[in-house]
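Close look at the chain arrangement
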Amino acid sequence: GQNKKAILESGKLFKRVCKKIIYTEVIEAELVKLFSNAYRYINFSIANQFYMLCQNQNLDFFKIRNIMREGYSRNTNIPMSGFTAGPCLLKDTMQLSSFYNHKFPLGHSAMLINEGIPKFIISKIEKKYNLKKKTVGVLGLTFKSETDDTRDSLAIKLLQILRSKKIKTVQSDEYYKDKNNISKNDLIKKSDIIILATPHKAYKKLKIGKKKLVIDIWGLFNKK
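Everything numeric in this text was worked out from a predicted model, so none of it was measured.

Our next topic: the sheet that holds strand E3 (residues 193-196). Strand order across the open sheet formed by four strands is E2-E1-E3-E4, with parallel pairing between neighbours. Across the chains shown, the open sheet's two edge strands, defined by having one partner strand only, are strand E2 (168-172) and strand E4 (213-215). Direction aside, the axes of adjacent strands within the sheet are offset by 20° on average. When strand E1 (residues 135-139) meets E3, the two strands line up parallel, connected through four bridges. Residue Gly 137 lies in a different strand from E3, and its bridge partner there is Ile 194.

Encoded structure:
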């Protein structure tokens, strides 16, 4: 708040939902929020950069990540790779950059990495296959698992890129309803290539034949 009365009144409101109230200056409170989301966004970009490095070397990122973490507590918090999106992390990283007159190279690099994942995946597939002769299935459309929220979803951006290239696509999601959706099992049947864009729990036990190419950036099918 900008004055004592506003601070006290807002404190009374939030005490109804929070056990602890911390009073700060307005700019401090805003930076706590921006720093928190930018920190998480940058952390995810590190895992995504490592994933891309491994892909370019034809190596298994998830195997390497597991070995990194085994018996070494300093590495236990390294996130999994995945589509990093949603209504907060990217937006707040951009806001922090704007606040600091765009002198935030770490945030800029994170944005390039995370937002570049869909194009990277498509580019890798295009090097091996003529996608004009394939059907690509996008499994999961929301920005994270177990939700129907598609705000800033990279799965949606992935679909848009594929369609802009005139590549035949099919799509499915467990929570987000769309007239173009088909069931997950129908998607598996109709697709030559399947991209796991959202790791909904319902996909964990799917039976996908070995003849299908599966792109699993989340490592969902690698988890024991």
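What follows covers helix H4 (residues 89-99). Three or more residues of H4 are buried, namely Leu 89, Leu 90, Asp 92, Thr 93, Leu 96 and Ser 97. The inward-facing, buried residues of H4 abut helix H2 (26-56) and helix H5 (105-126).

Moving on, we get to the packing of H2 against helix H3 (residues 61-69). How two helices sit against one another is set out by the angle between their axes and by the gap between those axes. One can describe the packing of H2 onto H3 by two numbers: an axis separation of 9 Å at closest approach and a directional angle of 125°. Taken together, H2 and H3 sit at an angle that is classed as oblique. Residues Ala 47, Phe 50, Tyr 51 and Cys 54 of H2 pack against Phe 61, Phe 62 and Ile 64 of H3. Split into classes, the residues belonging to the contact of H2 with H3 amount to seven nonpolar, no polar and no charged.

It is worth spelling out the packing of aromatic side chains at this point. Throughout the structure, instances matching the rule amount to three aromatic pairs. Here Tyr 51 and Phe 61 contribute two aromatic rings whose centre-to-centre distance is 6.3 Å and whose plane-to-plane angle is 80°, an arrangement assigned as edge-to-face. With Tyr 51 in helix H2 and Phe 61 in helix H3, the pair connects residues that are 10 residues apart, well separated along the chain. Seen in terms of ring centroids, Tyr 51 and Phe 62 are 6.2 Å apart; in terms of plane orientation they differ by 50°. Their pairing is tilted. Of this pair, Tyr 51 sits in helix H2 while Phe 62 sits in helix H3; the two residues are 11 residues apart in sequence, bridging distant segments of the chain. Through pairs of rings, three or more aromatic residues link up here, namely Tyr 51, Phe 61 and Phe 62.

Here the focus is the pattern of salt bridges. This structure, assessed with the given rule, holds seven salt bridges. For the salt bridge of Glu 9 with Lys 12, the shortest nitrogen-to-oxygen distance reads 3.4 Å. Residue Glu 9 and its partner Lys 12 are located together in helix H1 (residues 4-14), separated by three residues, close to a single helical turn. With relative accessibility at 42%, the residue Glu 9 sits in the partly exposed group. Measuring nitrogen to oxygen at the nearest pair gives 2.7 Å for the salt bridge that ties Lys 33 to Asp 92. Here Asp 92 lies in helix H4 and Lys 33 lies in helix H2, a separation of 59 residues in the sequence. The partly exposed category is assigned to Lys 33, whose relative accessible area is 37%. For Asp 92, a relative accessible area of 0% puts it in the buried group. Within this structure, Lys 33, Lys 91 and Asp 92 form a network of salt bridges that share partners.

Parameters and conventions
Residues numbered from 1 in each chain as written. Predicted model: local features only at pLDDT ≥ 70, side-chain atom pairs only at ≥ 80, totals over all residues. Heavy atoms only, no water. Pairing = 2+ DSSP bridges. Helix = DSSP H or I, 4+ residues; strand = E, 2+ residues; numbered from the N terminus. Axes fitted to C-alpha atoms, helices over the stretch in contact; angles between N-to-C directions. Buried < 20%, exposed > 50% of the residue type's maximum accessible area, 1.4 Å probe, protein only. Contact = heavy atoms within 4.5 Å. Parallel < 35°, antiparallel > 145°, perpendicular 65-115°, else oblique. Nonpolar A, V, L, I, M, F, W, Y, C, P; charged D, E, K, R; others polar. Phe/Tyr/Trp six-rings, centres within 6.5 Å; stacked < 30°, edge-to-face > 60°. Salt bridge = Lys/Arg side-chain N within 4 Å of Asp/Glu carboxyl O.

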